[in-house]
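Chain residues, written in single-letter form:
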Amino acid sequence: MTRTAWLNGVFVDAGEARISPFDRGFLFADSVYEVTAVYNGCLIDLDLHLRRLERSLNELGYGTLPDPAELARVHERLVRDNRLVEGYVYLQVTRGAYGGRDFVAPPRPVLTCFAFAEPRTLLDTPAARNGIRVIAAPDIRWARRDIKTTGLLAQSLAKTEARRRGADDAWLVAPDGSITEGASSNAYIVTREGAIITRRLSNDILAGVTRATVFRALAAEGIRISERAFTLSEAHDAAEAFSTAATALVTPVVMIEGEPVGGGAPGPVTRRVQMAYARAIGADPEMIAAFGAA
Ligand code: PDD
């Protein structure tokens, strides 16, 4: 089955899309991206993703920016043309190609813009039902994790190591022993007293869109999340843990470095977060209730 992608203003067969090997995205990872979840044929929080894209481009001094209204139309059409019901739309913007390799970025870039749609079950997955196992990997990334660049080698290696060790994902640990975030998600623990904790926003982590929506959804139920750093040993002592990302929504974490978190099964607070998030995206929270408690 062919699928429609979008490259530099044109809808194309994804298999036919071509970009230059001189593209700065390829040579320097001079590029940023967004992944927007699609549930029930609807793009989730697209406006927040496009706003974060614009921020990433501005932080990198691109100067030239794609038109957000056009990007929104492209997202809608990719969902429609690819008959996407559940999955995500990936968007990448690079500082373009100039027929050579120059560390100095051009003052007026001609952007490369690429987007495609990918079907994927997000809400009712084995990970959402049963939880995942994570390893702890040293956070060796650059110092601007708030910018969503495609410089993802550290994350890719951490996830590959997780898989090699029979786990599902990696949580990244700063030199001071605190957990920054997941390799492609934000990280949370629930203390034995029932407090939900996640790291405060800074250059250390990505300001997750799913994180923002979880904050809003819980606030509507009168639940506050404490924003502070937590250590790997606090995570080991926690009653529950979970992560959030557009590609996995709210996912219980049931094992860290081979040790069970709490009872080693998704806990009641995590289930409540999953239900609140499901409600926020227009899904049926009863589906989560049917997953069962710990
Ligand atoms: N990653 N932290 C990191 C390092 C991430 O890469 C991501 C998302 C998040 C969560 O952000 P959001 O809730 O906006 O998806 C946090 C995407 C999904 C990816 O790289 O595929």
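Above this text you will find the structure in question.
Residues numbered from 1 in each chain as written. Predicted model: local features only at pLDDT ≥ 70, side-chain atom pairs only at ≥ 80, totals over all residues. Heavy atoms only, no water.

A. Up close: the overall build of the chain. Each helix and strand counted, the chain has 9 helices and 16 strands in total. Taking 19 Å as the expected radius of gyration for a compact globule of 294 residues, we find that the chain reaches 19 Å, a close match to that expectation. Reported as C-alpha extents along the three principal axes, the dimensions of the chain are approximately 55 × 40 × 35 Å. For the chain, restricting intrachain contacts to residue pairs at least 6 apart in sequence, the fraction spanning at least 24 positions comes to 70%. Total accessible area on the chain stands at roughly 13,700 Å², and carbon and sulfur atoms take up 53% of it. Considering the chain, the positive charge centre built from 34 side chains and the negative charge centre built from 35 side chains are found 1 Å apart. (Helix = DSSP H or I, 4+ residues; strand = E, 2+ residues; numbered from the N terminus. Rg over C-alpha atoms; globule rule 2.2 N^0.38 Å. Contact = heavy atoms within 4.5 Å. Areas by Shrake-Rupley, 256 points an atom, 1.4 Å probe, with all protein chains shown as cover. Lys, Arg positive; Asp, Glu negative; His and termini not counted. Charge placed at Lys NZ, Arg CZ, Asp CG, Glu CD.)

B. Structural context of empty space enclosed by the protein. Evaluation of the coordinates by the stated rule reveals 2 cavities of 30 Å³ or more. There is about 50 Å³ of room inside the largest cavity. Every residue lining the largest cavity is listed: L122, L123, A128, A248, L249, V250, Q274, Y277, A278 and I288. When residues of the lining of the largest cavity are traced back to their parent elements, those giving at least two are β15 (249-256) and α8 (268-280). Its residues placed into classes, the lining of the largest cavity shows 9 nonpolar, 1 polar and no charged. Roughly 40 Å³ of internal volume is contained in the second largest cavity. Lining the second largest cavity we find L50, L53, E54, L57, L65, P66, D67, P68 and L71. Breaking the lining of the second largest cavity down by element, the ones donating at least two residues are α2 (46-59) and α3 (68-81). In terms of residue count, α2 provides more of the lining of the second largest cavity than any other element does, 4 residues in total. Per-class residue counts for the lining of the second largest cavity are 7 nonpolar, no polar and 2 charged. (1 Å grid on protein atoms, 1.4 Å probe; cavity = no way out; pocket = protein on both sides within 12 Å on 5 of 7 lines; lining within 4 Å. Points joined across faces, edges and corners; volume = space filled by probe spheres on them. Nonpolar A, V, L, I, M, F, W, Y, C, P; charged D, E, K, R; others polar.)

C. Seen up close, the nonpolar core. If you look at the biggest cluster of nonpolar residues, it comprises 26 residues, and the most contacted ones within it are I196 and I281. If you list the elements that add at least two residues to this core, you get β3 (31-39), β10 (186-190), α6 (209-219), β15 and α8. By size, the runner-up hydrophobic cluster in this structure holds 22 residues, among which are W6, Y62, L78 and A117. (Core = buried A, V, L, I, M, F, W, Y, C linked by side-chain atoms within 4.5 Å. Buried < 20%, exposed > 50% of the residue type's maximum accessible area, 1.4 Å probe, protein only.)

D. Summary view of the site of the ligand. Around the ligand, the surrounding shell holds 20 residues, and the nearest of these are Y33, E181, V209, T210 and A246. The contact in question runs from a nitrogen atom of the ligand to an N or O atom on the side chain of K148, over 3.1 Å. Note that an oxygen atom of the ligand is positioned 2.8 Å from one of the backbone N or O atoms of V209. Taken atom by atom, the bulk of the ligand overlaps the largest pocket. Elements supplying a minimum of two residues to the shell around the ligand: β3, α2, β9 (178-182), α6 and β14 (240-245). Taken together, the residues of the shell around the ligand break down into 7 nonpolar, 9 polar and 4 charged. (Near = heavy atom within 4 Å. Polar contact = N/O pair within 3.5 Å; in protein donor to acceptor, adjacent residues only side chain to side chain. Sits in = over half its atoms within 2 Å of the grid points.)

E. Looking closely at the pairing of β14. With 6 of 6 residues buried, β14 is to be regarded as a mostly interior element. Here β14 shows a buried face lined by E240, F242 and T244 and a second buried face lined by A241, S243 and A245. As paired elements, β14 and β15 share 4 bridges and run antiparallel to each other. Following the sheet pairing, F242 is matched in β15 by P252. In this antiparallel pair of consecutive strands, β14 and β15, the connection spans 3 residues. (Pairing = 2+ DSSP bridges.)

F. Region of the structure containing unusual backbone geometry. Non-glycine residue N8 carries a positive phi angle of around 50°. Structurally, the position occupied by N8 is in the loop between β1 (4-7) and β2 (10-13). At A29, a residue that is not glycine, the phi angle is positive and equals roughly 55°. With a relative accessible area of 30%, A29 lands in the partly exposed category.

G. Broad picture of the packing of aromatic side chains. Within this structure, the stated rule accounts for 6 aromatic pairs. On the numbers, 5.1 Å between centres and 55° between planes, the contact of F28 with F103 is tilted. Taken as a pair, F28 in helix α1 (residues 24-28) and F103 in the loop between β5 (87-94) and β6 (112-119) lie far apart in primary sequence, 75 residues in all. By relative accessible area, which is 22% here, F28 ends up partly exposed. Note on F103: relative accessible area 60%, which makes it exposed. Judged by centre distance (4.4 Å) and plane angle (10°), the rings of Y188 and F242 are stacked. A residue pair is termed long-range when its members are at least 10 positions apart, and Y188 in strand β10 and F242 in strand β14 qualify at 54 residues. On the basis of relative accessible area, Y188 is assigned to the buried category, the value being 0%. An aromatic cluster of at least three residues, connected via ring pairs, comprises Y33, Y90, F114 and F116. In this arrangement the basic side chain of R77 is found over the ring face of F11, its NZ or CZ atom lying 3.9 Å from the centre. (Phe/Tyr/Trp six-rings, centres within 6.5 Å; stacked < 30°, edge-to-face > 60°. Lys NZ or Arg CZ within 6 Å of the ring centre and 35° of its normal.)

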